[in-house]
Amino acid sequence: MSAPAAAALEVVPTGTVGAEVRGVDLARASATEIDAIKDAWYRHDVLVFRDQRLTDDDLLAFSRHFGALDPPPNQGAGRKSPPGYPEVYVVSNVRDATGEPIGALGDGEAAWHTDMSYAPLPPDASMLYSLEIPPAGGDTCFASMKAALAKLPRALAARVARLDIKHDGTYDSGGYLRKGLAATDDPRASPGTPHPAVIKHPESGARALYLGRRRNAWVVGLPLEESERLLDELWACVETSVYRHKWALGDLVLWDNRTTMHRRDAFDPAARRVMHRTQIKGSSAPRRAES
């Protein structure tokens, strides 16, 4: 990284997980700045960029520095994108003149989850950019799954390192049934994909607990009651290290889908919240970490 770029771009940790990156205009970021952002991302897992002024074209251009883009997921409210931008996913509670939602996930709480972990090739990363925010509520929290793994008792960590967890695809993080799927509460029969419970990050080499989401999760091969007990033990460590992001207009947050989980607070249904999101296509399936 050149000296001028190094001086201009400041990385300020937000705690044990996450960092705020200052001194960069993402609509005009140089190759040197992009490299510095990637280095910071691998260290901190969640990056916050304040006071950005991005068009959807700018958002897509910045996102593509991290890889090819995934289309929006199948949500309970359907796939919603701005006209002409199928790779941008609208997250909103706003309805149009006909009463149709302009985006997905509404105004309720979104439970802890990893984006699209139910897919064989989950996205590597997601970005969320704020266009309208409510006066209160709607905070997004990020949990370090590296810290969660480090908190596990040694015997439990050794046990789960050899196991796979099936990640359910029946319901989205808002609890809505995905379009075209049948409701079920049997995690052994629901649609989804098994992934290793402990994975290794392909770039940083960090080890992380990979849980995805709690509802309809199943530890492959275990009787259901035993699976539920084990998952409860693992989920008790999820909130070991959490960064709470209070949104301001023009914020863009980038998170690593392999080493974090996230959730959203509910907010006033009468308030407006409009966010545009992109996600980076998975470069490889989650890989089991060496014990």
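You'll find the structure just up there.
All of the points below concern the structure found in this document. (Residues numbered from 1 in each chain as written. Predicted model: local features only at pLDDT ≥ 70, side-chain atom pairs only at ≥ 80, totals over all residues. Heavy atoms only, no water.)

**Digging into the pairing of strand S8 (residues 140–144)**
Here is the rule we go by: Only protein chains enter the accessibility calculation, which uses a 1.4 Å probe; a residue is then buried when its area is under 20% of its type maximum, exposed when over 50%, and partly exposed in between. Strands here mean DSSP runs of E at least two residues long; helices mean DSSP runs of H or I at least four residues long; both are numbered from the N terminus. Two strands qualify as a pair provided DSSP detects at least 2 bridges between them.
Counting buried positions along S8 gives 5 out of 5 residues, so the element sits mostly inside the fold. Strand direction decides the pairing type here: S8 and strand S14 (residues 242–245), joined by 4 bridges, are antiparallel. Its bridge partner lying in S14, threonine 140 is registered against histidine 245. As paired elements, S8 and strand S16 (residues 260–264) share 5 bridges and run antiparallel to each other. Bridge assignment links phenylalanine 142 to a residue of S16, and that residue is histidine 262.

**Some thoughts on the state of the cysteines**
Linking two cysteines covalently via their sulfur atoms produces the bond known as a disulfide. The line we're drawing: Criterion for a disulfide: a pair of cysteine sulfur atoms within 2.5 Å.
Inspection of the entire model under this criterion finds 0 disulfides. Note on cysteine 141: no disulfide assigned, nearest cysteine sulfur contributed by cysteine 237 at a separation of 18 Å. Since its relative accessible area comes to 3%, cysteine 141 is described here as buried.

**Some points on the sheet that holds strand S10 (residues 192–196)**
Taken in spatial order, the 3 strands make up an open sheet running S10-S9-S13, and their pairing is antiparallel. In this open sheet, the two edge strands, each paired with only one partner strand, are S10 and strand S13 (218–219). In the sheet, strand S9 (residues 164–168) pairs with S13 via 2 bridges, with the strands oriented antiparallel. By the bridge assignment for S13, lysine 166 is matched with tryptophan 218.

**Some thoughts on empty space enclosed by the protein**
Gaps between atoms show up when a probe of the same size as a water molecule is rolled over them. Note the threshold: Only protein atoms enter the 1 Å grid used here, on which a cavity is any set of points holding a 1.4 Å probe that cannot leave and a pocket is any open set flanked by protein within 12 Å on both sides along at least five of seven lines; residues with an atom within 4 Å of a point are listed as lining. Grid points are joined across faces, edges and corners, and a volume is the space filled by probe spheres set on the points. Residues were grouped as follows: Ala, Val, Leu, Ile, Met, Phe, Trp, Tyr, Cys and Pro as nonpolar; Asp, Glu, Lys and Arg as charged; and all remaining residues, including Gly, as polar.
By the definition in use, this model includes 2 cavities of 30 Å³ or more. Size it by volume and the largest cavity reaches roughly 220 Å³. If you list the elements that add at least two residues to the lining of the largest cavity, you get strand S6 (110–113) and S16. It is S16 that contributes the most residues to the lining of the largest cavity, 3 residues altogether. A per-class count over the lining of the largest cavity returns 8 nonpolar, 5 polar and 7 charged. A volume near 110 Å³ is recorded for the second largest cavity. Along the walls of the second largest cavity sit 13 residues, with Asp124, Arg258, Ser284, Ala285 and Pro286 positioned nearest its centre. Of the residues belonging to the lining of the second largest cavity, the class tally is 7 nonpolar, 2 polar and 4 charged.

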